[in-house]
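Spelled out from the first residue to the last, the chains are:
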Amino acid sequence: MTTPVKVAVTGAAGQISYSLLFRIAAGEVFGAEVPVELRLIEVDPAMRALEGVVMELDDCAFPNLVNVVTTSDLKVGFDGVNWALLIGSVPRKQGMERGDLLGVNGGIFKPQGQAIAAAAASDVRVLVVGNPCNTNCLIARENGKDVPADRWFSMMRLDQNRAMTQLARKAGKPVTTVTKMAVWGNHSATQFPDYYHAEIDGVSAPEVVADHAWLAGEFISTVQKRGAAIIEARGASSAASAANAVIDTVRSIATPTPTGDWASVGVVSRGEYGIPEGLQFGFPIRSDGSSWEVVDGLTHSVSAQRLIDVTRDELLGERAEVTELLP
Ligand code: NAI
């Protein structure tokens, strides 16, 4: 039997996990033939709810789900894992400043980074979803330096998928025709969904859409504010679409990127496009299934560069607020 892939998920009793775990166990992420072991990590007060989720996993009788471990002990949770999906975090509450949020979450992601470095498998890859995900990822990465910096990722894919759908709708084409959708920067309202380099049926998106005012205005703001629009309509934040984006992200890292396309992922900057080294920044990347690189050679208009500068500055500000959490 093939060795199972061991996957740790934090926040395993939360909303996103409720949409995600069943799809992982069904073989949608690592392949229908690959056995999976889930290591589900929660805080103590959520353990009872997690038991209920595990009962439901049991009741699906998934052929490939070979083991499920539940724990609030990080060393146990991350022991030998090949993937760590860091979803659990503390949401922003009324009256909480962004700085407070960073501080609270830093308290979560510092020990998690340390525990991953101490306990995970030598090939571990980490995807941070819990917000503010780019800076949380930076905190975990900096505290888990035994794991190479290029194995830490933060999630921009929901933004990419949102942008692809908006472009496809506007062009009156299926979403499968949209490629090269880069989302630069922070997973926040400052992100820059880069319509300029996107293609629809292999043709430049601005040429196909031919409505510059819409692209530079409504398109960008719809994608930037989509998370808030969903909270407003649903009374809860995006969960099924976030889980779906986790699956897309893992697949785009772990399998070769199709020719003529790329994927948006938050990765460590090595200075590409003038982004300061070490920031966890949304870039278009290409993967060969084991290593990846930022797509090079793209040029930005003055207005696009201005938007990238704004999101870069926001991430620099976030990093400055968490310096005491960085070793
Ligand atoms: P949720 O509140 O339903 O679940 C979060 C879970 O995390 C809870 O069960 C909680 O007990 C658990 N948790 C809290 N601290 C923990 C810790 N130290 N260790 C382990 N578990 C812990 O939230 P939901 O909807 O599942 O969202 C989770 C996070 O994902 C939020 O931060 C949200 O903002 C973020 N998010 C990120 C997106 C992205 O595109 N990057 C998209 C949507 C949500």
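Residues numbered from 1 in each chain as written. Predicted model: local features only at pLDDT ≥ 70, side-chain atom pairs only at ≥ 80, totals over all residues. Heavy atoms only, no water.

Draft legend 1. Geometry of the site of the ligand. Around the ligand sit 24 residues, and of these Gln-15, Ile-16, Glu-42, Ser-89 and Asn-131 come closest. One of the backbone N or O atoms of Ile-16 is found 2.9 Å from an oxygen atom in the ligand. Between the ligand and Ser-89, the relevant distance is 2.4 Å, taken from an oxygen atom to a side-chain nitrogen or oxygen of the residue. Those elements that provide at least two residues to the shell around the ligand are helix 1 (15-25) and helix 4 (98-119). Of the residues in the shell around the ligand, the class split is twelve nonpolar, eleven polar and one charged. (Near = heavy atom within 4 Å. Polar contact = N/O pair within 3.5 Å; in protein donor to acceptor, adjacent residues only side chain to side chain. Helix = DSSP H or I, 4+ residues; strand = E, 2+ residues; numbered from the N terminus. Nonpolar A, V, L, I, M, F, W, Y, C, P; charged D, E, K, R; others polar.)

Draft legend 2. Highlighting the domain arrangement of the chain. When cut into domains, the chain gives domain 1 (5-154) and domain 2 (157-320). Computed over C-alpha atoms only, the centres of domain 1 and domain 2 are separated by 23 Å. If you look at the interface, domain 1 gives 28 residues, while domain 2 gives 37 residues. When the area that domain 1 buries against domain 2 is broken down by residue, the three leading residues are Gln-15, Asn-134 and Phe-153, summing to 20%. Along the contact surface separating domain 1 from domain 2 lie one salt bridge. In this structure, Asp-150 engages Arg-270 in a salt bridge whose closest nitrogen and oxygen atoms are separated by 3.9 Å. Counting across the interface, domain 1 meets domain 2 through twelve residue pairs in polar contact (both at pLDDT 80 or more). Counting residues per element, the ones that place at least two in the side of domain 1 that touches domain 2 are helix 1, strand 4 (83-86), helix 4, strand 5 (125-128), helix 5 (133-142) and strand 6 (152-154). (Domains from an automatic or database assignment. Contact = heavy atoms within 4.5 Å. Buried area = accessible area lost by both parts, 1.4 Å probe. Salt bridge = Lys/Arg side-chain N within 4 Å of Asp/Glu carboxyl O.)

Draft legend 3. Layout of the layout of surface pockets. In this structure, the second largest pocket spans a volume of roughly 290 Å³. For the second largest pocket, the lining is made up of 20 residues, of which Arg-157, Gln-160, Ser-252, Asp-261 and Trp-262 are closest to its centre. If you list the elements that add at least two residues to the lining of the second largest pocket, you get helix 6 (157-171), strand 7 (178-179) and helix 10 (240-254). The element contributing the most residues to the lining of the second largest pocket is helix 6, with five residues. (1 Å grid on protein atoms, 1.4 Å probe; cavity = no way out; pocket = protein on both sides within 12 Å on 5 of 7 lines; lining within 4 Å. Points joined across faces, edges and corners; volume = space filled by probe spheres on them.)

Draft legend 4. Structural detail: the UniProt feature "domain: Lactate/malate dehydrogenase C-terminal" (unreviewed entry) in the chain. Per the UniProt record, the feature "domain: Lactate/malate dehydrogenase C-terminal" (unreviewed entry) sits at residues 157-323. Helix makes up 46% of residues 157-323 and strand 17%, and the two end C-alpha atoms of the span are 27 Å apart. (UniProt positions renumbered as here; feature names shortened; annotations may be inferred.)

Draft legend 5. Region of the structure containing the UniProt feature "binding site: substrate" (unreviewed entry) in the chain. Mapped onto this structure's residue numbering, the UniProt feature "binding site: substrate" (unreviewed entry) falls at Arg-92, Arg-98, Asn-131 and Arg-162. Along the chain, the position of Arg-162 falls in helix 6. Owing to a relative accessible area of 10%, Arg-162 belongs among the buried residues under this scheme. Aside from chain neighbours lying at most four places away, what touches Arg-162 is Val-223, Arg-226, Gly-227, Ile-230 and Ser-238. (Buried < 20%, exposed > 50% of the residue type's maximum accessible area, 1.4 Å probe, protein only.)

Draft legend 6. Quick peek at the environment of Met-155. Positionally, Met-155 belongs in the loop between strand 6 and helix 6. Residue classification places Met-155 among the buried residues on the basis of a relative accessible area of 6%. Here Met-155 is in contact with Leu-127, Val-128, Val-129, Cys-133, His-187, Ala-242, Ala-245, Val-246 and Thr-249, once residues within four sequence places are set aside.

Draft legend 7. Just the pairing of strand 12 (residues 263-268), in detail. Taking burial as the measure, the six residues of strand 12 include six buried ones, the bulk of the element. Bridge count between strand 12 and strand 13 (residues 280-287): six bridges; the pairing is antiparallel. Across the sheet, the residue bridging to Gly-266 is Gly-282, located in strand 13. (Pairing = 2+ DSSP bridges.)

Draft legend 8. Inspection of the sheet that holds strand 10 (residues 199-200) at higher detail. The three strands lie next to each other as 7-10-11, forming an open sheet whose pairing is antiparallel. The open sheet terminates on both sides in strands that have one partner only, identified here as strand 7 and strand 11 (203-204). Looking at chain direction, strand 7 and strand 10 are connected through two bridges and run antiparallel. Bridging across to strand 10, Val-178 finds its partner in Ile-200.

Draft legend 9. Quick peek at the packing of helix 6 against helix 8 (residues 212-224). At a minimum axis separation of 10 Å, helix 6 and helix 8 run at an interaxial angle of 135°. The orientation of helix 6 with respect to helix 8, classified from their angle, is oblique. The way helix 6 lies across helix 8 gives a crossing that is right-handed. Listed contacts from helix 8 to Asp-159, Arg-162, Ala-163, Gln-166, Leu-167 and Lys-170 of helix 6 are Trp-214, Leu-215, Phe-219, Thr-222 and Val-223. (Axes fitted to C-alpha atoms, helices over the stretch in contact; angles between N-to-C directions. Parallel < 35°, antiparallel > 145°, perpendicular 65-115°, else oblique. Left-handed = near helix turned anticlockwise from the far one by under 90°.)

Draft legend 10. A look at the side chain of Gln-224. Tracing the backbone through its elements, the reader meets Gln-224 in helix 8. Polar side-chain contacts of Gln-224 include one of 2.8 Å to the backbone oxygen of Gln-191. Aside from chain neighbours lying at most four places away, what touches Gln-224 is Ala-189, Thr-190 and Gln-191.

Draft legend 11. The pattern of salt bridges, seen in detail. Scanning the model with the defined rule gives 14 salt bridges in all. Taking the shortest distance from any N to any O, the salt bridge between Glu-28 and Arg-23 comes out at 2.8 Å. Residue class for Arg-23 comes out partly exposed when judged on its relative accessible area of 23%. With its nearest N and O atoms 2.4 Å apart, the salt bridge here joins Arg-39 to Glu-37. Beyond isolated ion pairs, a larger network of salt bridges with shared partners links Arg-141, Glu-142 and Lys-145.

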